[in-house]
2 protein chains.
Amino acid sequence: MSKAERHLALRESLITIGQSTIAAHGLGGLKARDIAHAAGCALGAIYLVFPDLDALILAVNDRTLAAIDAAICASLDCETAAASSADPGRQLVLLSCAYLDYALAHPRLWAALFNHTLPPGQSVPDDYRAHQAHLFSYVEAPLAALCPNLDVAARTQAARTLFSAVHGIVSLGLDQKLSPIPVEELRNQLAAFVQLTATGLRHACFPPVAP
Amino acid sequence: MSKAERHLALRESLITIGQSTIAAHGLGGLKARDIAHAAGCALGAIYLVFPDLDALILAVNDRTLAAIDAAICASLDCETAAASSADPGRQLVLLSCAYLDYALAHPRLWAALFNHTLPPGQSVPDDYRAHQAHLFSYVEAPLAALCPNLDVAARTQAARTLFSAVHGIVSLGLDQKLSPIPVEELRNQLAAFVQLTATGLRHACFPPVAP
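Source: prediction; values computed, not measured.

Caption draft 1: Looking closely at the environment of A:G26. All names here are of chain A. Following the sequence through the fold, G26 ends up in the loop between α1 (3-25) and α2 (32-39). Exposure remark for G26: the relative accessible area of 10% places this residue in the buried category. Distance in space between the C-alpha atoms of G26 and L109 is 7.2 Å, their sequence separation being 83 residues. Beyond its immediate stretch of four places on either side in the chain, G26 contacts T21 and R108.

Caption draft 2: Representation of the side chain of A:T199 within the structure. The residue A:T199 is located in helix α10 (residues 183-203) in this model. The exposure class assigned to A:T199 is buried, which follows from its relative accessible area of 11%. Those residues in contact with A:T199, other than ones at most four positions away along the chain, are B:G200, B:H203 and B:A204.

Caption draft 3: Broad picture of the interface of chain A and chain B. The partner chain B presents 44 residues to the 44 residues of chain A that form the contact. Across the chain A to chain B interface the summed buried area is about 3,800 Å²; carbon plus sulfur atoms make up 68%. Remark: the boundary between chain A and chain B carries zero salt bridges. Inspection of the region where chain A meets chain B yields four residue pairs in polar contact (both at pLDDT 80 or more). Mapped by element, the contributors of at least two residues to the side of chain A that touches chain B are α6 (88-105), α8 (126-146), α9 (152-175) and α10 of chain A. Ranked by residue count, the leading element in the side of chain A that touches chain B is α10(A), at 14 residues. Grouping the amino acids of the side of chain A that touches chain B by side-chain chemistry returns 22 nonpolar, 16 polar and six charged.

Caption draft 4: Structural view of the environment of B:A159. Residue and element names in this part refer to chain B. You can see A159 is positioned in helix α9 (residues 152-175). Overall, the relative accessible area of 0% leaves A159 in the buried class. The spacing of A159 and P142 is 17 residues in sequence and 9.5 Å in space, taken between C-alpha atoms. In contact with A159, other than residues within four places in its own chain, are F136, V139, E140 and L143.

Rules used in this analysis
Residues numbered from 1 in each chain as written. Chains lettered and ligands numbered in written order. Predicted model: local features only at pLDDT ≥ 70, side-chain atom pairs only at ≥ 80, totals over all residues. Heavy atoms only, no water. Helix = DSSP H or I, 4+ residues; strand = E, 2+ residues; numbered from the N terminus. Buried < 20%, exposed > 50% of the residue type's maximum accessible area, 1.4 Å probe, protein only. Contact = heavy atoms within 4.5 Å. Buried area = accessible area lost by both parts, 1.4 Å probe. Salt bridge = Lys/Arg side-chain N within 4 Å of Asp/Glu carboxyl O. Polar contact = N/O pair within 3.5 Å; in protein donor to acceptor, adjacent residues only side chain to side chain. Nonpolar A, V, L, I, M, F, W, Y, C, P; charged D, E, K, R; others polar.

The structure is reproduced here in structure tokens:
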């Protein structure tokens with residue numbers, strides 16, 4: 001193995017260990033010393049691969065984005081979704097339910113996407129943003145079908161707003177923060193709400209209502 | 001001062017100190033020793049008033065619920081809101097914007113409502129739940145006007161789902177978790193989204209869409 005290959009192999013191994021640690025114990029369970037021990041390397045070797053633990057967490061979160069992307073693709077049947085015959089309201093419901101299902105199956109990896117905060121002054125790498133944007137493109141397609149007169153900027157923002165709404169329903173629902181709600185009822189509420197948004201979009205177009 | 005009066009005065013003082021500590025430093029900044037010092041009492045005296053710090057945090061959060069309630073009342077003009085002439089879509093927009101404004105003005109007190117978790121086995125006191133329910137009643141009234149055929153249970157749940165959606169838009173927007181969004185744009189997105197939900201409700205009724 002060349003030095004570059006060893007570097008890459010260690011990088012992959014550290015991400016995999018980080019991923020299983022976060023999956024089992026959450027972000028709070030991630031300690032450099034334990035990761036080095038599990039990887040069979042010196043503590044300092046981690047910092048030859050990642051500048052700090054935040055960079056390792058971002059790499060784990062990037063894998064989580066890829067896993068959500070794959071889960072969405074599977075549930076939408078991405079080939080079919082591209083066909084113009086697909087019902088955009090139904091597509092938005094499938095997307096939201098795939099998101100709920102991912103959060104249910106991988107609660108700590110999912111939470112790490114939102115609970116991890118970079119130190120002040122640092123910003124998320126461009127390719128991480130690009131993977132986020134790719135996920136939002138699944139929301140943008142049905143929005144464009146429901147509301148063809150939205151320009152690209154408005155559609156981009158509307159997809160993020162709709163995602164935030166879905167995320168709020170999923171996260172307060174799973175945290176049982178309001179009143180306890182069984183998962184099947186949460187799924188029904190989420191589906192009904194998203195369908196309602198689609199109905200609203202069909203009748204009135206998205207942005208221009210002033211508060 | 002009788003013993004009961006002293007007990008009550010210390011309780012109020014501890015809540016006020018807890019409130020200003022959380023407002024300044026967040027939940028993580030709350031330490032029993034500092035609170036006792038600020039209240040001029042012995043550390044043990046706190047535990048004559050509250051069984052543990054969680055109970056003190058719940059009392060602070062209960063005050064936050066009352067403050068949000070007052071802010072909503074002021075923005076809705078509660079007398080007018082009760083009049084049947086009020087536009088329910090507009091009322092939902094006003095409610096959402098009042099919620100955003102409270103979160104903007106008191107970010108750490110607002111976050112403490114969601115970041116505080118009771119130890120396993122403990123549940124939130126009934127009067128705290130009642131104050132939460134009173135806040136949701138502001139959402140339920142316009143929902144009932146938009147969708148008169150919802151029964152009480154469905155309307156209760158729909159109000160919590162709509163609130164969760166609004167909370168998601170507010171919290172991911174203020175955290176700048178997706179892409180940075182200026183507050184005025186966030187307010188416009190929130191208002192447009194809630195108006196859209198009201199439009200959807202006018203055209204299709206809330207729950208019964210299967211996923």
